[in-house]
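# Coordinate inspection notes
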Amino acid sequence: MIGPIELLVGFGAAFTLVWPGTWLFRRLAPYIGLLDIPNPRSSHGIPIPRAGGIIFVALVPMVALVIAYWKGITLTGGEWALLLTGWFIAGVSLIDDWRSLPARVRLVAQAWAAVGLIVYGGYLHYFGAGGFGVIDVGWLGVLITFVWIIGLANAFNFMDGMDGLAAGQGMIAALAVAWLSMRIGLGWMAVMSATMAGGMLGFLLHNAPPARVFMGDVGSIWIGFTFAGLAVLGAARGEERLSVGFWILLLGVFLLDTGLTLTRRVLQGEPVLQAHRTHYYQRLLRVGWGHRRVTGLYLIMAALLATVAVVH
C-alpha cells in the first residue's frame, strides 16, 4: 500500500538527484553543443544551456521504479509501455535539441510512440456527458486517444517558452495527481507522479526566472507525453476521479492558451508548426510584464485549477 511516506521519499529522492544533476549539466552543456543562442524570437539575451530536462527524464523513472520494487508494486504492460515509449520520444527530442530535426520527423516519432502506448496501454473508451451519463465512443476512442497524446505532448512543448513555466505547471499537476491517485489506490501512478514533482522542483530551482538552463524538447515533450499516458491508464482504473475531464481541468491553463493560439493561427492562415511568439504568455511579456510576473500568474491559475480538480 502506498501512503504519504512513500510519496515523500519519492519526491525527496528525485529532488536530491535532479537538483545537483542539473547543476552539473549546466556546466557540461557548452562543451557538448547544447546552448540556446538568442535569436529574434528569444526572450533571453545570452546563451543558455538547453535540454536540461534530460536529467529528470533519466532519473525520475528510475527513482519511481526503485520505490515500486521496494513496495512490491508490479507494473502492468501499459505502465511499462508508457515508460519505454516516453524514453523513446525523449531520445528523439534530445537529438532535435542538439541537431534540429525536421518537423515531420518529430511528428512521425511522436506518432510511433503514441501508437505503441495505445497498443500496449489501451485507449479511452468512455466520456462523461453530464446529465446524459457516460458515452461509449467505441473504436473512435483510438483516434481520440492518439490526438490526446500528441496534442498534450506538444502543448507542453509550445508552452515551454517562459522561464519556469512548464516545470512549474508540471510540478503542480504532478502533485495533484500523486495525492488523488494515492487516495484511490493507484500505487504506481502515485509514486511516478510524486517523483515527477520532486524532479521538476529540482529542475525548477535552476529554471525559475531568470533561467540558468532550459528544459528543451526532451523535457517538455516527455512531461506532456507522460501526463497524457497517465491519463489514459488512470481513466480505466480510476473511474470518474481520474477521467480525461479531470486532466483537462488540471492542465486547463496550458490547454486553453495552446488551443486559442493555434485556432487563431489556423483561422488567419498561418503555419501551425512554424515557430512564433503569439502565445498569450508571450504577448504579456511583450507588453511589459516581466518573466516573474507572467510565470507567477500562470502558476497561480494552475494551482487554483489543481485544487478544484482534486476536491471536485
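Attention here is on the structure that accompanies the text. From a predicted model like this one, the values you see are computed outputs, not experimental measurements. (Residues numbered from 1 in each chain as written. Predicted model: local features only at pLDDT ≥ 70, side-chain atom pairs only at ≥ 80, totals over all residues. Heavy atoms only, no water.)

Moving on, we come to the overall build of the protein chain. Check the secondary structure of the protein chain and you find 12 helices and four strands. Computed over C-alpha atoms, the radius of gyration of the protein chain comes to 18 Å, within 12% of the 20 Å expected from 2.2 N^0.38 for 312 residues, which places it in the range of a compact globule. Projected onto the principal axes, the alpha-carbon positions of the protein chain cover approximately 50 × 45 × 35 Å. Taken across its 312 residues, the protein chain has 52% of its residues classed as buried. The long-range fraction of contacts in the protein chain, counting pairs at least 24 apart against all pairs at least 6 apart in sequence, stands at 74%. Element-wise, carbon and sulfur atoms account for 70% of the exposed surface of the protein chain, whose accessible area totals about 14200 Å². The protein chain carries 19 positive and 13 negative side-chain charges, and their two centres are separated by 9 Å. (Helix = DSSP H or I, 4+ residues; strand = E, 2+ residues; numbered from the N terminus. Rg over C-alpha atoms; globule rule 2.2 N^0.38 Å. Buried < 20%, exposed > 50% of the residue type's maximum accessible area, 1.4 Å probe, protein only. Contact = heavy atoms within 4.5 Å. Areas by Shrake-Rupley, 256 points an atom, 1.4 Å probe, with all protein chains shown as cover. Lys, Arg positive; Asp, Glu negative; His and termini not counted. Charge placed at Lys NZ, Arg CZ, Asp CG, Glu CD.)

To continue, consider unusual backbone geometry. In this chain, Pro 209 is followed by Pro 210 through a cis amide linkage whose omega measures -5°. Position of Pro 210 relative to the elements: it lies in the loop between helix H7 (187-207) and helix H8 (216-237). You will see that Ser 100, though not glycine, has its phi angle at about 65°, which is positive. With respect to the helices and strands, Ser 100 occurs in the loop between helix H3 (77-99) and helix H4 (103-121).

End to end, helix H2 (residues 54-70) covers 25 Å across 17 residues, agreeing with the expected 24 Å (1.5 Å per residue, within 8%). Those residues of H2 lying buried are Ile 55, Phe 56, Val 57, Val 60, Pro 61, Val 63, Ala 64, Leu 65, Ile 67 and Ala 68. (Expected span 1.5 Å × (residues − 1).)

Moving on to the environment of Arg 106. Within the element layout of this structure, Arg 106 appears in helix H4. Of the residues examined, Arg 106 reaches a relative accessible area of 23% and is grouped as partly exposed. C-alpha separation for the pair Arg 106 and Thr 145, spaced 39 residues apart in sequence, amounts to 19 Å. If near-sequence neighbours (up to four positions away) are discounted, Arg 106 is found in contact with Asp 96 and Leu 101.

Next up on the list: the pattern of salt bridges. Going through the model one piece at a time under the given rule, you end up with two salt bridges. Glu 6 is the partner of Lys 71 in a salt bridge, and the nearest nitrogen-oxygen pair spans 3.1 Å. Here the residue Lys 71 occupies a position in the loop between H2 and H3, and Glu 6 occupies one in helix H1 (residues 4-28), the gap between them amounting to 65 residues. Look at Lys 71 and you get partly exposed, because its relative accessible area is 29%. Salt-bridge contacts for Arg 106 lead to Asp 96; the nearest nitrogen and oxygen are separated by 3.6 Å. With a gap of 10 residues between them, Arg 106 in helix H4 and Asp 96 in helix H3 connect regions that are remote in the sequence. (Salt bridge = Lys/Arg side-chain N within 4 Å of Asp/Glu carboxyl O.)

For the pair H1 and H2, interaxial distance at closest approach is 9 Å and the crossing angle is 155°. Classified by the angle between their axes, H1 and H2 sit roughly antiparallel to one another. Every pair of crossing elements has a handedness; the one defined by H1 and H2 is right-handed. Mapping the contact onto sequence places Glu 6, Val 9, Gly 10, Ala 13, Ala 14, Leu 17, Val 18, Gly 21, Thr 22 and Phe 25 in H1 and Ile 54, Ile 55, Phe 56, Leu 59, Val 60, Val 63, Ile 67 and Trp 70 in H2. Its residues assigned to classes, the contact of H1 with H2 shows 14 nonpolar, three polar and one charged. (Axes fitted to C-alpha atoms, helices over the stretch in contact; angles between N-to-C directions. Parallel < 35°, antiparallel > 145°, perpendicular 65-115°, else oblique. Left-handed = near helix turned anticlockwise from the far one by under 90°. Nonpolar A, V, L, I, M, F, W, Y, C, P; charged D, E, K, R; others polar.)

Next up on the list: the environment of Thr 263. Within the fold, Thr 263 resides in helix H10 (residues 252-267). Residue class for Thr 263 comes out partly exposed when judged on its relative accessible area of 45%. Here Gly 259 takes part through its backbone oxygen, which lies 2.7 Å from a polar atom of the side chain of Thr 263. (Polar contact = N/O pair within 3.5 Å; in protein donor to acceptor, adjacent residues only side chain to side chain.)

Attention shifts here to the side chain of Thr 261. Considering the arrangement of structural elements, one finds Thr 261 in helix H10. A polar atom in the side chain of Thr 261 sits 2.7 Å from the backbone oxygen of Asp 257.

On their own, these measurements won't tell you what the molecule is for.
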